[in-house]
Amino acid sequence: MLNIVACIKQVPDTTQVRIDPETNTLVREGIPAIINPFDMQAIQAGVELKERYGGRCTMLCMGPPMAVEALQKGLSYGTDHGILLSDRALVGSDTLATSAALASAIRKLDKEERVDIVVCGKQTIDGDTAQVGPGIATRLGFSQITYVGKIESVDVEGRRLRARRILEGAEEVVEAPLPVLLTVLKEIGEPRYASLPAVIKGLRTPVPVWGIEEMAMNRDEVGLAGSPTQVRRIFAPPQRAGGEIIASDEGNPDRVAALLLDRLLADGVLEG
Ligand SMILES: Cc1cc2nc3c(=O)[nH]c(=O)nc-3n(C[C@H](O)[C@H](O)[C@H](O)COP(=O)(O)OP(=O)(O)OC[C@H]3O[C@@H](n4cnc5c(N)ncnc54)[C@H](O)[C@@H]3O)c2cc1C
């Protein structure tokens, strides 16, 4: 039996987000919120693990009260519990403070029943840092396996997990002792289609809300106070203009090369 935790973040659907050219900030009004796509794979991994080895999967989501919708949706895919970490003190948390809050919540769950596996998405589509998963593992002292495309096997008795990491141009099969934190890729697959009864069950399952007191945290560990990083400005980089083409000059390559050399010297790319 495995006690699995899946961390999921509710994010704006970036396919519909625009940047306000006046203020250079994200225009979020009227933008639907979705479960971060890689976190759908975290849910899938959690559900698959409990189906293969027995156990249960609890989702954690840190966000505003409306993020309960992400947890209800996650419940409809077959997870067992969802807990919302929501408190005004958490607002403005960077990746350091977010991983501290999620680690504290996992510590609390671990006290009730030993946590074996934590699954996170590889990264989010809004903050995009990919720091939170490794941050949680470090704080908890768990092993970590990142970029997981497949969970090969879990030796529940021997307390080891074997996973396939998908890297650029290579794959690695690695093994780590439990408790382990995984960050997962799209190769894990999507959750199955949620049936109507499952959707209704998701909506009816109570979702507890934990504030910083429940997580045994101080105000200065989270939110802006606990965040050394602040996002100052978001902007769309200027579009790159097309490059200059030096015409072939009727099959005279020496002339083209001379022109190119002159231009590179003039632009300071090469020194004369
Ligand atoms: C445009 C933008 C840029 C930002 N840039 C930075 C930055 O440079 N540095 C910085 O410190 N912060 C940054 N932030 C803030 C950052 O989004 C938050 O700290 C956030 O809570 C976690 O970072 P992330 O979204 O990059 O997550 P990632 O580290 O990319 O997320 C990896 C995984 O961790 C889990 N996870 C992450 N957040 C949560 C959550 N709230 N609840 C449950 N699980 C979660 C999910 O499984 C997720 O797939 C930025 C935010 C925005 C909107």
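A brief report on the enclosed structure follows. Quick caveat, the model's predicted, so the values are computed rather than measured. (Residues numbered from 1 in each chain as written. Predicted model: local features only at pLDDT ≥ 70, side-chain atom pairs only at ≥ 80, totals over all residues.)

## Looking at the environment of Ala194
Heads up, the rule is: The numbering of helices and of strands both runs from the N terminus, where a helix is a DSSP run of H or I of at least 4 residues and a strand a run of E of at least 2. Exposure classification rests on a simple neighbour count of other C-beta atoms within 10 Å of a residue's own: a residue reaching 20 or more is buried, one at 12 or fewer is exposed, and one in between is partly exposed. C-beta atoms are placed from the backbone. Contact definition: two residues whose C-beta atoms, as placed from backbone geometry, lie within 7 Å.
If you trace the backbone, Ala194 turns up in the loop between β12 (180–184) and α5 (196–204). Owing to 17 C-beta atoms within 10 Å, Ala194 belongs among the partly exposed residues under this scheme. Residues within four places of Ala194 in sequence aside, it is in contact with Ser76, Tyr77 and Val199.

## A word on the packing of helix α3 (residues 95–112) against helix α4 (residues 132–140)
Where we set the bar: Between N-to-C directions, angles cover 0 to 180 degrees, with each direction set by a line fitted to C-alpha atoms, over the stretch in contact for helices. Here the word oblique covers every angle except those under 35 degrees (roughly parallel), over 145 (roughly antiparallel) and from 65 to 115 (roughly perpendicular). Left-handed is the label given to a crossing in which the near helix is rotated counterclockwise from the far helix by less than a right angle, and right-handed is the label when the rotation is clockwise. Throughout, the ten residues Ala, Val, Leu, Ile, Met, Phe, Trp, Tyr, Cys and Pro are labelled nonpolar, Asp, Glu, Lys and Arg are labelled charged, and all others, Gly among them, are labelled polar.
Close contact between α3 and α4 brings their axes to 8 Å; oriented N to C, the two are set at 50°. Relative to α4, the element α3 is oriented oblique. As α3 packs across α4, the resulting crossing turns out to be right-handed. Of the residues in α4, those touching α3 at Thr95, Leu96, Thr98, Ser99, Ala100, Leu102, Ala103, Ile106 and Arg107 are Val132, Gly135, Ile136, Arg139 and Leu140. Class assignment of the residues belonging to the contact of α3 with α4 gives a composition of 8 nonpolar, 4 polar and 2 charged.

## Considering the site of the ligand
Convention followed: Should the C-beta atom of a residue, placed from the backbone, lie within 6 Å of a molecule or strand, that residue is near it.
In the vicinity of the ligand there are 31 residues, among which Asp94, Cys120, Gly121, Gly127 and Thr129 approach most closely. Elements represented by at least two residues in the shell around the ligand include exactly α1 (37–53), β6 (55–62), α3, β8 (117–121) and α4. Looking at the shell around the ligand residue by residue, the classes come out as 13 nonpolar, 13 polar and 5 charged.

## Concerning the packing of helix α2 (residues 68–76) against α5
Closest axis-to-axis distance for the α2/α5 pair is 7 Å, and the angle between their directions is 140°. As judged from the angle between their axes, α2 and α5 are oblique. Of the two possible hands of crossing, α2 and α5 adopt the one that is right-handed. Along its contact with α2, which presents Gln72, Lys73, Leu75 and Ser76, the element α5 presents Ala198, Val199, Lys201, Gly202 and Leu203. Each residue belonging to the contact of α2 with α5 can be placed in one class, and the counts come to 4 nonpolar, 3 polar and 2 charged.

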